[in-house]
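Below, each chain spelled out in residue letters.
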Amino acid sequence: MKRLEGKVAIVTGAARGLGAATAARLSAEGASVMLADIIDGEATALALREAGHQAAFVNMDVARREAWSDVLSDTASRFGGIDILVNNAGVFRPANIETIEMDDLLDVYGINLFGPLIGMQAVIPYMRERGAGSIVNIASNATSFIFPESISYGSSKAALASLTKTVAVHCGRQGYRIRANSIHPGPHATAMMGGDPSGLVQRIPLHRMGQPEDVAAAVAYLASDDAAFVTATELFIDGGMTVA
Ligand SMILES: NC(=O)c1ccc[n+]([C@@H]2O[C@H](COP(=O)([O-])OP(=O)(O)OC[C@H]3O[C@@H](n4cnc5c(N)ncnc54)[C@H](O)[C@@H]3O)[C@@H](O)[C@H]2O)c1
């Protein structure tokens with residue numbers, strides 16, 4: 001039996017990049033997957049269905065509170081419940097403390113922080129109904145560094161890591177079998193990063209950029225019962241960059 005057989009997952013920002021690789025990995029491990037994104041992800045979901053998996057796409061802006069209740073109820077009625085939420089959608093807008101525009105800051109917080117918060121609040125009743133659940137939030141190894149030009153991104157991801165632990169401890173103490181963990185990728189070769197413009201590979205002990213599949217494998221682990229005793233943890237997928 002596959003590790004995620006019978007499980008239902010929602011992955012946000014799943015049309016491309018780390019989210020698409022995560023949707024593919026969760027599918028390959030047996031989960032039914034709802035792919036959510038603000039851009040069109042029908043083709044990504046279709047490729048999974050053509051490979052014999054249960055997958056669907058829904059257009060969604062994670063920062064819109066009202067969107068969550070519709071997406072969760074659609075997912076539960078289509079696939080029978082919700083066991084896994086992967087808050088992966090995220091944006092980066094360069095600015096420092098002197099150049100940041102408040103509207104931009106609120107946009108970034110809306111997508112990177114408030115979206116996951118609303119999603120976690122809304123998914124807990126579904127997971128309680130199933131008797132268990134796993135929430136995986138995609139933060140960044142930027143939580144360990146200070147990049148002055150990354151003021152909104154860095155602070156949103158640091159807050160997301162803290163929020164994740166808060167939810168994990170709350171759920172544990174309430175007696176819910178709902179785990180919450182954050183993943184902290186280093187530089188990965190996606191549209192968000194482009195190539196390696198700042199020579200970051202030099203700083204990575206494993207001498208390469210991450211591939212989306214590296215993060216996808218970590219999500220599958222945290223989503224599965226192999227991580228049954230893992231909650232409120234930060235898992236760095238960065239080739240050792242943070243400690244080097
Ligand atoms: N690529 C990296 O090096 C890297 C490093 C650390 C963390 N991350 C994080 O990993 C996650 C995925 O990043 P990626 O590299 O795949 O980037 P990406 O830009 O390729 O993909 C992000 C996806 O999120 C979607 N999205 C953006 N705003 C949205 C919204 N409001 N509602 C729904 N979907 C929305 C985008 O349309 C896109 O499909 C992000 O949270 C990012 O911060 C990436």
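The structure we're discussing is the one just above.
These numbers were taken from a predicted model, which means no experiment stands behind them. (Residues numbered from 1 in each chain as written. Predicted model: local features only at pLDDT ≥ 70, side-chain atom pairs only at ≥ 80, totals over all residues. Heavy atoms only, no water.)

S.K.: Which parts of the structure should I look at to understand the overall build of the chain?
M.R.: Helix and strand counts for the chain stand at 6 helices and 7 strands. Helices and strands in the chain line up, N terminus first, as β-α-β-α-β-α-β-α-β-α-β-α-β. Here the C-alpha radius of gyration of the chain, 17 Å, is about what a compact globule of 244 residues would show, namely 18 Å. If you line up the chain on its principal axes, its C-alpha atoms span 45 × 35 × 35 Å. Split into buried and exposed, the 244 residues of the chain put 51% on the buried side. Only carbon and sulfur atoms are counted for the fraction: they give 54% of the accessible area of the chain, which is about 11300 Å². When the 19 basic and 25 acidic side-chain charges of the chain are each reduced to a single mean position, those positions are 8 Å apart. (Helix = DSSP H or I, 4+ residues; strand = E, 2+ residues; numbered from the N terminus. Rg over C-alpha atoms; globule rule 2.2 N^0.38 Å. Buried < 20%, exposed > 50% of the residue type's maximum accessible area, 1.4 Å probe, protein only. Areas by Shrake-Rupley, 256 points an atom, 1.4 Å probe, with all protein chains shown as cover. Lys, Arg positive; Asp, Glu negative; His and termini not counted. Charge placed at Lys NZ, Arg CZ, Asp CG, Glu CD.)

S.K.: Whenever I open this one, the packing of helix H4 (residues 102-130) against helix H5 (residues 151-173) confuses me. Can you help?
M.R.: When two helices pack together, their arrangement is given by the angle between the helix axes and by the axis-to-axis distance. For the pair H4 and H5, interaxial distance at closest approach is 9 Å and the crossing angle is 15°. Considering their axes alone, H4 and H5 lie roughly parallel with respect to each other. H5 is crossed by H4, and the crossing has right-handed handedness. Counted together, Leu-105, Val-108, Tyr-109, Asn-112, Leu-113, Pro-116, Leu-117, Met-120 and Ile-124 of H4 and Ser-152, Tyr-153, Ser-155, Ser-156, Lys-157, Ala-159, Leu-160, Leu-163, Val-167 and Cys-171 of H5 form the full contact between these two elements. Residue composition of the contact of H4 with H5, grouped by class: 14 nonpolar, 4 polar and 1 charged. (Axes fitted to C-alpha atoms, helices over the stretch in contact; angles between N-to-C directions. Parallel < 35°, antiparallel > 145°, perpendicular 65-115°, else oblique. Left-handed = near helix turned anticlockwise from the far one by under 90°. Contact = heavy atoms within 4.5 Å. Nonpolar A, V, L, I, M, F, W, Y, C, P; charged D, E, K, R; others polar.)

S.K.: How should I be thinking about H5 in this particular structure?
M.R.: Side chains that are three or four residues apart share a direction in an α-helix, a result of its 3.6 residues per turn. End to end, H5 covers 33 Å across 23 residues, agreeing with the expected 33 Å (1.5 Å per residue, within 8%). For H5, the set of buried residues is Ser-152, Tyr-153, Gly-154, Ser-156, Lys-157, Leu-160, Ala-161, Leu-163, Thr-164, Val-167, Ala-168 and Cys-171. Buried positions along H5 lie against H4, strand S5 (133-138), strand S6 (178-185) and strand S7 (234-237). Gly-175, located one to two residues past H5, shows a positive phi value of around 85°. (Expected span 1.5 Å × (residues − 1).)

S.K.: What should I look at first to understand the packing of aromatic side chains in this one?
M.R.: Two aromatic rings are characterised by how far apart their centres lie and by the angle between their planes. Following the criterion strictly, the structure yields 3 aromatic pairs and no others. Note on Tyr-109 and Phe-114: the rings are 6.4 Å apart at their centroids and 80° apart in plane angle, and the pair reads as edge-to-face. Taking the ring centre of Phe-145 as reference, the NZ or CZ of Arg-203 above it sits at 5.2 Å. (Phe/Tyr/Trp six-rings, centres within 6.5 Å; stacked < 30°, edge-to-face > 60°. Lys NZ or Arg CZ within 6 Å of the ring centre and 35° of its normal.)

S.K.: Just to check I follow, could you spell out the pairing of strand S1 (residues 8-12) for this structure?
M.R.: Regular strands show a simple pattern: their side chains alternate between the two faces of the sheet. Counting buried residues along S1, 5 of its 5 residues qualify, which places the element largely inside the surrounding structure. Side chains of S1 alternate between two faces, with Val-8, Ile-10 and Thr-12 and Ala-9 and Val-11 buried alike. Judged from the 5 bridges that link them, S1 and strand S2 (residues 32-37) form a sheet pairing that is parallel. Bridge pairing in S2 links Thr-12 to Ala-36. Handedness of the crossover joining S1 and S2 through helix H1 (residues 17-28): right-handed. (Pairing = 2+ DSSP bridges. Right-handed = clockwise from strand over helix to strand, strands pointing away.)

On their own, these measurements won't tell you what the molecule is for.
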